[in-house]
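The chain contents come next:
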Amino acid sequence: MTNRIAAAAMICVALAFGDLARGEAKWGSDVKAAMAQAQKEGKDLLFDFTGSDWCGWCIKLHEEVFSQEPFVTEAPKLFVLVTLDFPRKKLSAELTAQNRQWQQKLGVQGFPTIYLLDAQGRPYAELGYQEGGAKKYMETLNAKRQIRVRRDEALAAAAKASGLDKAKLLDKALSEIDPAVAVNFYRPTVDEIVKLDEGNKAGLSGKYELAVVMADVQKEMSAGKIKEALAKIDAAMTKLKATGQLAQDLLFLKAQALYGAKQLDESKKTLQEALKIAPEGNKVQMIKTVLERAFPAKEE
């Protein structure tokens, strides 16, 4: 009997290690539960936006990385793993709603998309499929995770500072995070930077107010509220006393809104104005391309 028990125990151990070798890392699907676990265990979150039963690159990522060493053993030490699936097969209404909500919040437009977030659900890095296997992928994940480490170090330093010094440290904390993401997920920090740099003395309030305007305008445009979007842009131009690159960015945004409202002549004029206001601006080539494709010269 003792030998049978020992043999059974060995089989269980073998099966457990067999699952590990096959890459049976533990993935959850409940975001709230994952966040609670991450907070309890002092880990970050890894969101995998995938189409598990149809997306070729998603399946390839799973086969080459998620089911292989060292991801299977190393990733769960740092991250709570969460699958946000968009399969052909039907999911529960609750899970479908949750996945779509996070897709919209993070602006995910393609699969696979991997997001790294802190335990509070604040994203700090994004990546997708990467060649090179699991070892290389883990190296990338470790490097991306350092963004959060540097963010937290800067936030800790900012907590001990004041005035423009604090604003600069807060900006440093967000410097490796996409401005659109910062506006949506770090809004209190963004608002504090704007307040501390009143008058745009350090060039920070303008930077973040532009990001805020862009986020708000995109929401208005998505809702079909073009007049409201244009009003926000005009108000920002006045408030920020926009010139140079800042003015070009706002005018480019305004041209988009006008084009969406089918005010084509006004959209073209606004793009031309954007070119003149910052001839060496970083959107010049983009504006020229839009003018050529959206407003081709009429033949005589």
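For the structure, see preceding data.
Predicted, not measured: the structure shown is a model, and the values here were computed from it.

Caption draft 1: Structural detail: the pairing of strand E2 (residues 79-85). Taking burial as the measure, the seven residues of E2 include six buried ones, the bulk of the element. By the bridge criterion, seven bridges tie strand E1 (residues 44-50) to E2 in an arrangement that is parallel. Directly across from Thr50, in E2, lies its bridge partner Asp85.

Caption draft 2: The nonpolar core, seen in detail. Among the nonpolar cores identified, the biggest contains 56 residues, and Leu45, Phe47, Phe49, Phe71, Trp102, Leu116 and Leu141 are the most heavily contacted of them. With six residues, helix H6 (residues 133-158) is the single largest residue contributor to this core. Grouped together as the second largest cluster of nonpolar side chains are 12 residues, Leu210, Val217, Ile233 and Leu253 included.

Caption draft 3: Here's a closer look at the state of the cysteines. Counted under the stated rule, the structure contains one disulfide. Across the disulfide from Cys55 sits Cys58; the S-S distance is 2.4 Å. Measuring handedness by torsion sign, the sulfur bridge of Cys55 and Cys58 sits at about 75° and is right-handed. Of the two residues, Cys55 and Cys58, both sit in the buried class.

Caption draft 4: Inspection of the side chain of Arg148 at higher detail. Looking at the element boundaries, Arg148 is found in helix H6. Overall, Arg148 belongs to the buried group, its relative accessible area being 14%. Beyond its immediate stretch of four places on either side in the chain, Arg148 contacts Asp44, Asp118 and Tyr124.

Caption draft 5: Main features of the pattern of salt bridges. Tallied over the entire structure, the rule returns 17 salt bridges. For the salt bridge of Asp44 with Arg145, the shortest nitrogen-to-oxygen distance reads 3.6 Å. Taken as a pair, Asp44 in strand E1 and Arg145 in helix H6 lie far apart in primary sequence, 101 residues in all. Accessibility classification places Asp44 together with Arg145 in one group, the buried group.

Caption draft 6: Quick look at helix H4 (residues 71-78). Buried residues of H4: Phe71, Val72, Ala75 and Leu78, and no others. Taken down its axis, H4 places every buried residue within 140° of arc, on the same side.

Caption draft 7: Representation of the sheet that holds E1 within the structure. An order of E2-E1-E3-E4 is seen for the four strands of this open sheet, with the pairing classed as mixed. Two strands lie at the open edges of the sheet, namely E2 and strand E4 (123-127), each paired on one side alone. On average, adjacent strands in this sheet sit at an angle of 20° to one another, irrespective of strand direction. Relative to the sheet, helix H5 (residues 93-106) contacts E1, E2, strand E3 (113-117) and E4, its axis offset from that of E1 by approximately 105°.

Here is what the cut-offs are and how they apply
Residues numbered from 1 in each chain as written. Predicted model: local features only at pLDDT ≥ 70, side-chain atom pairs only at ≥ 80, totals over all residues. Heavy atoms only, no water. Buried < 20%, exposed > 50% of the residue type's maximum accessible area, 1.4 Å probe, protein only. Helix = DSSP H or I, 4+ residues; strand = E, 2+ residues; numbered from the N terminus. Pairing = 2+ DSSP bridges. Core = buried A, V, L, I, M, F, W, Y, C linked by side-chain atoms within 4.5 Å. Disulfide = S-S within 2.5 Å. Contact = heavy atoms within 4.5 Å. Salt bridge = Lys/Arg side-chain N within 4 Å of Asp/Glu carboxyl O. Arc of directions from axis to C-beta. Axes fitted to C-alpha atoms, helices over the stretch in contact; angles between N-to-C directions.

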